Amino acid sequence: MKFKINIFLKKGVLDPEGKAIENALLNNGYNKVNNVRVGKTISLDIKSDIKSDALEQVTLMCKEMLVNNVIEDFEIVPSEEDK
Amino acid sequence: MRVTIITFPGSNCDRDVSVAIKKITGKNPSNIWHQENEVPNCDLIILPGGFSYGDYLRCGAVAAHSPVMKEVKNHAARGGAVLGICNGFQILLEAKLLEGALIRNSGLKFVCKQVALKINKQIHSPFLHHFKQNDIIHLPIAHNEGNYFADSETLKQIEDKGLVALRYHISSDGNSFNPNGSINNIAAILSDNGKVLGMMPHPERYVDNELGGLDGFEFLKSTLEQLS
């Protein structure tokens, strides 16, 4: 079962990379752009056909290691490729 | 005085720390690999600087889950002293031995320079025993993710408990102040019991006048004296 985990810096945590990209976009004439945030995506495969089990494992690994809850938020998205 | 230094894949200050400890104590510290499941009985564990696991995932995040970290946590839980320098500080935060996080420098640049640091001595700690409140020391920093962050509630607790050990301070040249955007100018923090210290500056790099100064020598020497 495939999953994608989207990780972003929490609201209120400075994202200097997002800010730099936003400024570059504004300088290039995209003057309606706002709130650029840079995150990352982790895709993975769980050897299980039971969705609730797989989801529980992915959630646990996010909380224990993949995501730092001091600064980051995450969302788990079951991957389209599985459909 | 028994010191253990842990090397992770990508650590690059482990040898510098060893040389500094040898210079101060006359004895070689134990150097162990992160895959070890046991840490020799010791008075101080040092997690050195570097780029453990190439800073993959987040700085220190993968190293914080190394086999040896279980023993480092046990050592800390028994009241043992742990010092994390630079990447070692990042590992201590990721291992939840200290509170908060270190994020990208606000200026987006790797910063490598000498900084002035003000001692904040509000709790008893072997790392601060030698110093007086508001003493100024000079040490070098070299990092890309040294911007200390904690949410407002955690930050208040840290400040109320007096756990900030070092703050960036305006030096005589006037331009070393807060090199990375750290909240409340925080450069180092302690655990509640004062025995675990995470610091971005590198004391092991200032143990010789030929290399820039002796403040790191004094800092490490006084710490080792307190712990032996």
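Everything below is about the structure printed above this text.
The text that follows walks through the structure, step by step, so that each part is easy to find. (Residues numbered from 1 in each chain as written. Chains lettered and ligands numbered in written order. Predicted model: local features only at pLDDT ≥ 70, side-chain atom pairs only at ≥ 80, totals over all residues.)

1. Concerning the overall build of chain B
1) Next: Of the regular secondary structure elements, chain B holds five helices and eleven strands.
2) Next: For 228 residues, the compact-globule estimate of 2.2 N^0.38 gives 17 Å, and chain B sits close to it at 16 Å.
3) Next: Split into buried and exposed, the 228 residues of chain B put 51% on the buried side.
4) Next: Considering only contacts in chain B between residues 6 or more positions apart, those separated by 24 or more positions represent 75%. (Helix = DSSP H or I, 4+ residues; strand = E, 2+ residues; numbered from the N terminus. Rg over C-alpha atoms; globule rule 2.2 N^0.38 Å. Buried ≥ 20, exposed ≤ 12 C-beta atoms within 10 Å, placed from the backbone. Contact = placed C-beta atoms within 7 Å.)

2. Some details on the overall build of chain A
1) Next: Looking only at helices and strands, chain A features two helices and three strands.
2) Next: Secondary structure of chain A in N-to-C order comes out as β-α-β-α-β.
3) Next: Taking 12 Å as the expected radius of gyration for a compact globule of 83 residues, we find that chain A reaches 16 Å, considerably beyond that expectation.
4) Next: Taking all 83 residues of chain A together, the buried fraction comes to 11%.
5) Next: In chain A, the proportion of contacts linking residues at least 24 apart, taken out of those at least 6 apart, comes to 68%.

3. Notes on the interface of chain A and chain B
1) Next: Counting from both sides, the interface comprises nine residues of chain A and, opposite them, 13 residues of chain B.
2) Next: The element best represented in the side of chain A that touches chain B is helix α1 (residues 16–27) of chain A, accounting for three residues.
3) Next: Looking at the side of chain A that touches chain B residue by residue, the classes come out as seven nonpolar, one polar and one charged. (Nonpolar A, V, L, I, M, F, W, Y, C, P; charged D, E, K, R; others polar.)

4. A closer look at helix α1 (residues 14–25) of chain B
All names here are of chain B.
1) Next: The terminal C-alpha atoms of α1, which comprises twelve residues, lie 16 Å apart, in line with the 16 Å expected from a rise of 1.5 Å per residue.
2) Next: Of the residues making up α1, those classed as buried are Asp14, Asp16, Val17, Ser18, Ala20 and Ile21.
3) Next: On its buried side, α1 packs onto β1 (3–7), β2 (30–33), β3 (44–47) and α5 (215–227). (Expected span 1.5 Å × (residues − 1).)

5. Some thoughts on the sheet that holds strand β1 (residues 2–9) of chain A
Residues and elements named next belong to chain A.
1) Next: What the three strands build is an open sheet, ordered β2-β1-β3; its pairing is antiparallel. Edge positions in the sheet fall to β2 (40–45) and β3 (72–78), since each of these pairs with one other strand and no more. Averaged over all adjacent pairs, the angle separating strand axes in this sheet is 20°, with direction ignored.
2) Next: As paired strands, β1 and β2 are joined by six bridges and run antiparallel to one another. If you follow asparagine 6 over to β2, its bridge partner there is threonine 41.
3) Next: With respect to the sheet, helix α2 (residues 51–66) is in contact with β1, β2 and β3, its orientation differing from that of β3 by roughly 160°. (Pairing = 2+ DSSP bridges. Axes fitted to C-alpha atoms, helices over the stretch in contact; angles between N-to-C directions.)

6. Overview of the nonpolar core
All names here are of chain B.
1) Next: With 71 residues, the main nonpolar core has Ile46, Val82, Leu92, Ala165 and Ile189 as its most contacted residues.
2) Next: Here this core gets five residues from one element, more than from any other, and that element is strand β10 (residues 186–190).
3) Next: Not counting residues up to four positions away in its chain, the partners in contact with valine 82 are Ile45, Val72, His75, Ala76, Leu92, Leu97, Lys195 and Val196. (Core = buried A, V, L, I, M, F, W, Y, C linked by C-beta atoms within 7 Å.)

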